[in-house]
6 protein chains.
Amino acid sequence: MTATPQEGRELAIMLARKTIGAMQPDAEVRQVLRPGYATSAEALTAAGHVVAVEFATIAAANNYWRDQA
Amino acid sequence: MTATPQEGRELAIMLARKTIGAMQPDAEVRQVLRPGYATSAEALTAAGHVVAVEFATIAAANNYWRDQA
Amino acid sequence: MTATPQEGRELAIMLARKTIGAMQPDAEVRQVLRPGYATSAEALTAAGHVVAVEFATIAAANNYWRDQA
Amino acid sequence: MTATPQEGRELAIMLARKTIGAMQPDAEVRQVLRPGYATSAEALTAAGHVVAVEFATIAAANNYWRDQA
Amino acid sequence: MTATPQEGRELAIMLARKTIGAMQPDAEVRQVLRPGYATSAEALTAAGHVVAVEFATIAAANNYWRDQA
Amino acid sequence: MTATPQEGRELAIMLARKTIGAMQPDAEVRQVLRPGYATSAEALTAAGHVVAVEFATIAAANNYWRDQA
């Protein structure tokens, strides 16, 4: 659960990154991959897509923060 | 929450862009990437896909603006 | 809201196209891109995927047109 | 609405194809594209993905055919 | 409907494969495509993605097998 | 069902991997593919996307672990 939608966005990015870390545990390899993906519109968009899917789950889990609206 | 579906579309595009900004904070790099992605049907479609997923979440969060219908 | 599922399909295609227009406002550029994407099975399928996601949202918004069934 | 899940699958494939037809109305072009996509595992999988998304919407619309179970 | 989540997984894989069969009815062509896709991480992941979407629908249809939990 | 969201994440990764195993049962082939996919940002992101979809289903199945919040 998160207090606000913004925290939900941050959690979604963190979850997406943690999954990459679980599949490629070697931090050095991830570091080597970073420049390539961070300068590719296609790769950034694909990562943004994963964040959007994770956020959809987090938002539903928090009942769209309706209790705060 | 947004007042109208149109505002929901705009929020979806903004959220998708903010995620890219969170993953590639360097505005200059994003600027360099812009021409390439903005003239690629495949990249634009992939970005449109992310917006569609974000909009699905926003629409559900706003109960599909039923209270206004 | 749309009166029928068919109108929902048309709205989904329109929304998908409007998003592309919002990300690439230059109609001439979009016109230049059209032949390439319209003759690529991969690009057409990717666009069809976005329409399917948009339609899922529109169908849920219209309660799957159950009130008319 | 469809009477059975199987009809729902068929409708999903039809909807996915109709969207391609709406975006590329020229049947001859679609015919030319057919061999290429129908012999590409990647293209067939991408098309199968669209059908899966369309089917999810159709299944929800039919309340997962629970009234028949 | 399926009795267990595991049967739901198997049904999801079967549905994904049946869709490919519906779009490319020629079993020989599918057989020719098999080695290429079965030795491509990208193609296997894309197929796994379709199975995940199909499973989401099947799980919802079975009310997440809550009646058995 | 899983006791915690973290277990849900682990189950999502396991399900995604089991599907790959079901489509490519030869462990040696999967082993050969591993280095290529584990050092490709694009492949890791695509795999992370599948995990996100599986997690969405698992989270809904567990009613977003609301009974524990």
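Residues numbered from 1 in each chain as written. Chains lettered and ligands numbered in written order. Predicted model: local features only at pLDDT ≥ 70, side-chain atom pairs only at ≥ 80, totals over all residues. Heavy atoms only, no water.

In the annotation of an unreviewed UniProt entry, chain A is listed under the name Hexameric tyrosine-coordinated heme protein and assigned to Ornithinimicrobium faecis.

With respect to the overall build of chain A
Convention followed: Secondary structure is summarised from DSSP: a helix means a run of H or I of at least four residues, a strand means a run of E of at least two, and numbering begins at the N terminus for each. Our radius of gyration is a C-alpha quantity, and the globule rule it is checked against amounts to 2.2 Å times the number of residues to the power 0.38.
Within chain A, the secondary structure is distributed over three helices and zero strands. Reading the helices (α) and strands (β) of chain A from amino to carboxyl end gives α-α-α. The C-alpha radius of gyration computed for chain A amounts to 14 Å, which surpasses the reference 11 Å derived for 69 residues by more than 25%, pointing to a less compact arrangement than a globule. Projected onto its principal axes, the C-alpha positions of chain A cover 45 × 25 × 15 Å.

Details of the relation of the copies chain A and chain F
Test applied: We place the copies in one frame by least squares, fitting the C-alpha atoms of every residue whose pLDDT is at least 70 in both.
Laying chain A over chain F is done by rotating through 60 degrees and shifting 0.0 Å along the axis; what remains is an RMSD of 0.0 Å. Each copy turns onto its partner about a six-fold axis. In terms of C-alpha distance to the rotation axis, chain A has A:Val53 as its closest residue, with the C-alpha 6.9 Å off the axis.

A short note on the interface of chain E and chain D
Rules: Residue contacts are counted whenever heavy atoms from the two residues lie within 4.5 Å of one another. As a working definition, buried area equals the accessible area (1.4 Å probe) given up by two parts on being put together, with both sides summed. The working definition used for a salt bridge is a side-chain nitrogen of Lys or Arg within 4 Å of a carboxyl oxygen of Asp or Glu. Any pair of nitrogen or oxygen atoms within 3.5 Å is treated as a polar contact; in protein, a donor-acceptor pairing is required on top of that, and neighbouring residues in sequence qualify only through side-chain atoms on both sides. The residue classification treats Ala, Val, Leu, Ile, Met, Phe, Trp, Tyr, Cys and Pro as nonpolar and Asp, Glu, Lys and Arg as charged. All others, Gly included, are polar.
Facing the 23 residues of chain E at the interface are 24 residues of chain D. Overall, the association of chain E and chain D removes approximately 1,900 Å² of surface from exposure, summing both partners, and the carbon and sulfur fraction of that is 68%. Summed over the three residues of chain E that lose the most area to chain D, namely E:Met23, E:Leu33 and E:Thr57, the buried surface amounts to 29% of that side. Remark: the boundary between chain E and chain D carries one salt bridge. One salt bridge in this structure joins E:Glu54 and D:Arg9, with 2.6 Å as the shortest N-O distance. Where chain E meets chain D, there are six residue pairs in polar contact (both at pLDDT 80 or more). Counting residues per element, the ones that place at least two in the side of chain E that touches chain D are α1 (5-23), α2 (27-38) and α3 (41-61) of chain E. With 10 residues, the single largest contributor to the side of chain E that touches chain D is α3(E). Grouping the constituent residues of the side of chain E that touches chain D by class yields 15 nonpolar, five polar and three charged.

With respect to the packing of aromatic side chains
All names here are of chain C. As a reminder, the rule being used: For this analysis, a ring pair means two rings from Phe, Tyr or Trp (six-membered ring only for Trp) whose centres lie within 6.5 Å, classed as stacked if their planes differ by under 30 degrees, edge-to-face if by over 60, and tilted for the remaining angles. With a 1.4 Å probe rolled over the protein chains alone, any residue whose accessible area is under 20% of its type maximum counts as buried; one over 50% counts as exposed, and the rest are partly exposed.
Counting across every chain of the model gives six aromatic pairs over all chains. Ring centres of phenylalanine 55 and tryptophan 65 lie 5.7 Å apart, and the angle between their planes is 20 degrees; on these two criteria the pair is classed as stacked. One end of the pair, phenylalanine 55, is in helix α3 (residues 41-61); the other, tryptophan 65, is in the segment after α3, and 10 residues separate them in sequence. Each of the two residues, phenylalanine 55 as well as tryptophan 65, counts as buried.

Thoughts on helix α2 (residues 27-38) of chain A
Stated formally: By this rule, a helix spans an expected 1.5 Å times one less than how many residues it contains.
For α2(A), with 12 residues, the first-to-last C-alpha span of 16 Å sits near the 16 Å given by 1.5 Å per residue. Elements that come into contact with the buried residues of α2(A) comprise α3 (41-61) of chain A, α1 (5-23) and α2 (27-38) of chain B together with α2 (27-38) and α3 (41-61) of chain F. For α2(A), the N-terminal cap is A:Asp26; the gap from its side-chain oxygen to the backbone nitrogen of A:Glu28 is 2.9 Å.

Remarks on the interface of chain A and chain F
Taken residue by residue, the interface counts 23 residues in chain A and 25 residues in chain F. Both sides together, the interface formed by chain A and chain F hides about 1,900 Å², and carbon and sulfur atoms give 69% of it. If you sort the residues of chain A by the area they bury against chain F, A:Met23, A:Leu33 and A:Thr57 come out on top, with a joint share of 29%. At the surface where chain A touches chain F, the tally comes to six residue pairs in polar contact (both at pLDDT 80 or more). Elements with a contribution of two residues or more to the side of chain A that touches chain F: α1 (5-23), α2 and α3 of chain A. Ranked by residue count, the leading element in the side of chain A that touches chain F is α3(A), at 10 residues. Here the residues of the side of chain A that touches chain F are counted per class, giving 15 nonpolar, five polar and three charged.

Notes on the arrangement of the chains
Taking C-alpha atoms as the reference, chain B and chain D come no closer than 12 Å and do not contact one another. The closest approach of any C-alpha atom in chain B to one in chain E is 14 Å; the two make no contact.

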